[in-house]
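Here are the chains, one letter per residue:
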Amino acid sequence: MNQETITNIRNVAIIAHVDHGKTTLTDALLRQTGAVAEGVSMDSDTLEKERGITIYSKNASCIYKGTKINIVDTPGHADFGSEVERVLRSIDSVLLVVDAQEGPMPQTRFVLKKSLELGHRPIVVINKIDKPAANIDRTIDQVFDLFSELGATNEQLDFPTMLTIGRQGIAKKEVSDESSDLTPLLDLILEHVPAPSGNKDASLRAQPFNLAYDNYLGRLGVVRVYDGSLSIGTPVLSLRNGKIAKGRITKIFTFEGLKRVDANTVSAGDIAIIAGVPDIFIGDTITTDESVELLPVIAVDEPTIELTFLVNDSPFAGREGKYVTSRQIRERLENELEVNVGLRIDFDRAGSEKFIVSGRGELHIAILLENMRREGYEMQVSQPQVIMKEIDGIKHEPFEEVTIDVPEEFQGAVIEKLGARGAILLNAEQDGAGRMRLIFEGPTRGMFGYRSQFTIDTKGEGILATRVIGFRPYAGEISKREEGSMISAITGKALAYALDNLQTRGTLYIPENTEVYEGQVIGNTSKGDEMIVNPTKGKNLTNVRSSGNDEAIKLIPPKKLTIENGLEIMAADEYLEVTPKSVRLRKQYLTENARVKSRRTV
């Protein structure tokens, strides 16, 4: 069936907290309707496959009973919340996916609040009902309470519910129902999601809610067409805040499954990708009539943290990277701004060799760094800092809501550690299965470096999720117990004999036979003091043998440095060196003399 001849359309987004199964459910919907082959997934990006999370919102479509269903899969992590907010403006209803065991989590609250404010009537999908600890009735009650708490109207409170097992592709209205596929859910979408409003004969009004980039076509806009129609060759205007940008549509793509397919025309109610408007931006009104009423502007969430990107100047600089100069890094960051609207970059404040990059959280920045290193870039970054704002003459900082699910025996350690970081416990609930749900509020800077500690304190059995709740007055000094750095005093190859002695003083970041340089941080010290060490020291050889001298060396596996945990644990006077093959921590001043001089000048 030719998509351009289909006039019956439904536009729906799938929203959920991270790891509640929305992408798995979307994949199953597409497979059942024949839109994609077996084994094809919406999470097509390499990083998404590795991490098992959705990072970038994506569009797809399927045909069911003669109706084209446009589906937008959204990120579930709070760092990518700005993507979710934009997507919600482009669709007519949402599938709110909630884990039957975990219930609503922080990102569930965030995306649901945005959806309700826009007037959507969500379909609630209780997923993973086959989990041993699934509690469907409790989860539905929690969702209803959340709707009420967020100010849902009576109409929105009367939400339809569907029970699913996403990985098996099964949906049912009641647990006792017989079902072998997702037909009940597809039928509910056609019944409950309103057909898009809009006048196909009126002047064109379309709005970009996402951006893409093509080396041949330039900047692309993913748009929802609200009124009129759009054809190849049409001269258009992009209106924003009194500014007018002109363009001519050179290419139109619609979606068929996960594929982009060429189209000549796209009409009111549909979602498409357009090329030909170089200055297109999120929230613009695309039209052919300058006097048309503008569509409401789409706000993009403000960044909450910032850090500095620098050219790598370590002794090992240039060994692994293909792109190492400030000009190359600058060009790559400028290209990132074309599509990553949650990012802010100041190219001038720190000088020509440094760039101040601001984002929504550590994961947001870590994904950018990971993509850059895989493309062959080499750089180093400073410790992330929260962005302070002055409101009515008072210093404000970003605060987060922290939701934690832990076994009961670990709650004391969690409350103690977060309390020391400025967080306040708002609520504690027992779920009846030996687990506690704790909800805190506290400053974002108090959360820096806590995730690793949380994993240790809960022995990997805890779940931690955060969401930014806005800027509040500065909370004062936070006394975090910081670990000291174990700093190499020499350049060379680390030997097992030296590391065997050093591992008793803290946690190592490197295995034996690793090349290190003077000033590189090779581990942390448990007592919190900086320690200058020689990891290249070998065993003194003598011609005398004695019992005990030849005992086998047993090295504890080192803590592998990744971009994410490196951003968490680095100190203010350190850089994280990121290259295509390595992640290293180093002191900003490599020699001890230089570090002493720098402390004197502070």
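Engineer: What exactly am I supposed to notice about the overall build of the protein chain here?
Structural biologist: Secondary structure assignment for the protein chain yields 15 helices and 35 strands. In the protein chain, which comprises 602 residues, the proportion classed as buried is 53%. The contacts in the protein chain between residues at least 6 apart in sequence include a share of 71% that link residues at least 24 apart. Within the structure as shown, the protein chain displays about 27,100 Å² of accessible surface, and the carbon and sulfur contribution to it stands at 46%.

Engineer: In this structure, what is going on with the sheet that holds strand 3 (residues 67-73)? I would like to understand it.
Structural biologist: Sheet strands line up and pair through hydrogen bonds in the backbone, either parallel or antiparallel. Judged by pairing direction, the sheet is mixed, and its 7 strands sit side by side in the order 2-3-1-4-5-6-7 without closing on themselves. Every interior strand has two partners, whereas the edge strands, strand 2 (58-64) and strand 7 (170-172), have only one. Recorded for the sheet is a direction-independent mean angle of 25° between the axes of neighbouring strands. Relative to strand 6 (residues 161-165), strand 5 (residues 123-127) runs parallel, the two being bridged by 3 bridges. When the sheet's bridge partners are listed, Val 124 is paired in strand 6 with Thr 161.

Engineer: Sorry if this is basic, but what is going on with the pairing of strand 16 (residues 271-275) here?
Structural biologist: Within a regular beta strand, the side chains point alternately toward one face of the sheet and then the other, so they alternate between its two faces. Counting buried positions along strand 16 yields 5 of 5 residues, so the element is predominantly enclosed. Residues Ile 271, Ile 273 and Ala 275 line one face of strand 16 and the alternating positions Ala 272 and Ile 274 line the opposite face, and both faces are buried.

Engineer: Whenever I open this one, the nonpolar core confuses me. Can you help?
Structural biologist: A general feature of soluble globular proteins is that nonpolar side chains tend to end up buried together. Residues Leu 96 and Phe 147 are the most contacted members of the largest nonpolar core, which totals 56 residues. Non-local contacts of Phe 147, meaning those with residues more than four positions away in its chain, are made with Leu 96, Leu 112, Leu 116, Pro 122, Val 124, Ala 152, Gln 156, Leu 157 and Phe 159. Counting 30 residues, the second largest nonpolar core, distinct from the first, contains Met 379, Val 386, Ile 563 and Leu 567.

Engineer: Please explain unusual backbone geometry as it appears in this structure.
Structural biologist: Trans is the prevailing form of peptide bonds, just as negative phi is the prevailing case for residues other than glycine. Here the phi dihedral of Lys 65 falls at roughly 50°; this positive angle occurs in a residue that is not glycine. For Lys 65, the position within the fold is in the loop between strand 2 and strand 3.

Engineer: Mind showing me how you'd approach the pattern of salt bridges here?
Structural biologist: Opposite charge on two side chains allows them to pair when their charged atoms are near. Applying the stated rule across the entire model yields 28 salt bridges. Taking the shortest distance from any N to any O, the salt bridge between Arg 373 and Glu 370 comes out at 3.5 Å. Remark: Glu 370 and Arg 373 occur in helix 9 (residues 362-374); sequence separation between them is 3 residues, near one turn of the helix. This pair shows no difference in class: Arg 373 is buried, exactly as Glu 370 is. One salt-bridge network, in which partners are shared between bridges, spans Glu 530, Asp 573, Glu 574 and Lys 587.

Engineer: Can you help me understand the packing of helix 8 (residues 326-339) against helix 9 in this one?
Structural biologist: A pair of packed helices can be characterised by two numbers: the angle between their axes and the separation between those axes. Running from N to C, helix 8 and helix 9 point in directions that differ by 125°, and their axes come no closer than 12 Å. The orientation of helix 8 with respect to helix 9, classified from their angle, is oblique. Seen along the crossing, helix 8 lies across helix 9 with a hand that is right-handed. Between helix 8 and helix 9, the contacting residues are Ile 329, Arg 332, Leu 333 and Glu 336 on the first element and Leu 368, Asn 371 and Met 372 on the second. In the contact of helix 8 with helix 9, the residues fall into 4 nonpolar, 1 polar and 2 charged.

Engineer: So what exactly am I meant to see when it comes to the packing of aromatic side chains here?
Structural biologist: Centre-to-centre distance and the angle between the planes together describe a pair of aromatic rings. Under the criterion given, the structure shown has 6 aromatic pairs. Between the aromatic rings of Phe 144 and Phe 159, the centroid separation amounts to 6.5 Å while the plane-to-plane angle is 45°, which identifies the pairing as tilted. With a gap of 15 residues between them, Phe 144 in helix 5 (residues 136-149) and Phe 159 in the loop between helix 6 (154-157) and strand 6 connect regions that are remote in the sequence. Here Phe 144 falls in the partly exposed class, since its relative accessible area comes to 38%. Between the aromatic rings of Phe 147 and Phe 159, the centroid separation amounts to 4.6 Å while the plane-to-plane angle is 35°, which identifies the pairing as tilted. Separated by 12 residues along the polypeptide, Phe 147 in helix 5 and Phe 159 in the loop between helix 6 and strand 6 bring together distant segments of the chain. Like Phe 147, the residue Phe 159 is buried in the burial classification. Its guanidinium or amino end placed over the ring of Phe 471, Lys 389 lies 4.6 Å from that ring's centre, counting from NZ or CZ.

Engineer: Please explain helix 8 as it appears in this structure.
Structural biologist: Because the α-helix completes a turn every 3.6 residues, residues three or four places apart line up on one side. Between the first and last C-alpha of helix 8 there are 21 Å, a value that for 14 residues agrees with the 20 Å anticipated at 1.5 Å per step. Regarding helix 8, the residues found buried are Ser 326, Gln 328, Ile 329, Arg 332, Leu 333 and Glu 336. Buried residues along helix 8 cover an arc of 160° about the axis, so they all sit on one side. Elements in contact with the buried residues of helix 8: strand 18 (305-310), strand 19 (344-346), strand 20 (354-359), helix 9 and strand 21 (379-382).

Engineer: Where do I start with the packing of helix 1 (residues 22-32) against helix 7 (residues 183-192) in this structure?
Structural biologist: Between helix 1 and helix 7, the least distance of the axes is 11 Å, while the angle of their chain directions is 90°. Comparing their axes, helix 7 and helix 1 come out roughly perpendicular. Facing Leu 25, Leu 29 and Gln 32 of helix 1, the residues of helix 7 in contact are Thr 183, Leu 185 and Leu 186. Grouping the constituent residues of the contact of helix 1 with helix 7 by class yields 4 nonpolar, 2 polar and no charged.

Engineer: Honestly, the environment of Gly 460 in this entry has me stumped. Any pointers?
Structural biologist: Position of Gly 460 relative to the elements: it lies in the loop between helix 12 (450-457) and strand 27 (463-473). Its relative accessible area of 52% is what places Gly 460 among the exposed residues. Spatially, the C-alpha atoms of Gly 460 and Val 406 are 9.5 Å apart, while their sequence positions differ by 54 residues.

Engineer: I would appreciate a short explanation of the side chain of Glu 397 in the present structure.
Structural biologist: Turning to its location among the elements, Glu 397 is positioned in strand 24 (residues 394-407). The exposure class assigned to Glu 397 is buried, which follows from its relative accessible area of 0%. Within the structure, the side chain of Glu 397 is placed 2.5 Å from the side chain of Arg 445, a separation counted as a polar contact. Of note is the side chain of Glu 397, whose polar atom sits 2.7 Å from the backbone nitrogen of Ala 475.

Engineer: Mind showing me how you'd approach the environment of Thr 74 here?
Structural biologist: Take Thr 74: it is sitting in the loop between strand 3 and helix 3 (81-88). Separated by 13 residues in sequence, Thr 74 and Val 87 place their C-alpha atoms 7.6 Å apart.

Engineer: Hey, could you run me through the confidence of the model for the protein chain in this one?
Structural biologist: Within the protein chain, residue pLDDT values average 83, and 90% of them lie at 70 or more. Low pLDDT, under 50, characterises residues 1-5; the stretch is placed with 11 contacts to residues that sit more than four places away or in other chains.

The rules we used
- Residues numbered from 1 in each chain as written.
- Predicted model: local features only at pLDDT ≥ 70, side-chain atom pairs only at ≥ 80, totals over all residues.
- Heavy atoms only, no water.
- Helix = DSSP H or I, 4+ residues; strand = E, 2+ residues; numbered from the N terminus.
- Buried < 20%, exposed > 50% of the residue type's maximum accessible area, 1.4 Å probe, protein only.
- Contact = heavy atoms within 4.5 Å.
- Areas by Shrake-Rupley, 256 points an atom, 1.4 Å probe, with all protein chains shown as cover.
- Pairing = 2+ DSSP bridges.
- Axes fitted to C-alpha atoms, helices over the stretch in contact; angles between N-to-C directions.
- Core = buried A, V, L, I, M, F, W, Y, C linked by side-chain atoms within 4.5 Å.
- Salt bridge = Lys/Arg side-chain N within 4 Å of Asp/Glu carboxyl O.
- Parallel < 35°, antiparallel > 145°, perpendicular 65-115°, else oblique.
- Left-handed = near helix turned anticlockwise from the far one by under 90°.
- Nonpolar A, V, L, I, M, F, W, Y, C, P; charged D, E, K, R; others polar.
- Phe/Tyr/Trp six-rings, centres within 6.5 Å; stacked < 30°, edge-to-face > 60°.
- Lys NZ or Arg CZ within 6 Å of the ring centre and 35° of its normal.
- Expected span 1.5 Å × (residues − 1).
- Arc of directions from axis to C-beta.
- Polar contact = N/O pair within 3.5 Å; in protein donor to acceptor, adjacent residues only side chain to side chain.
- pLDDT = per-residue confidence, 0-100.

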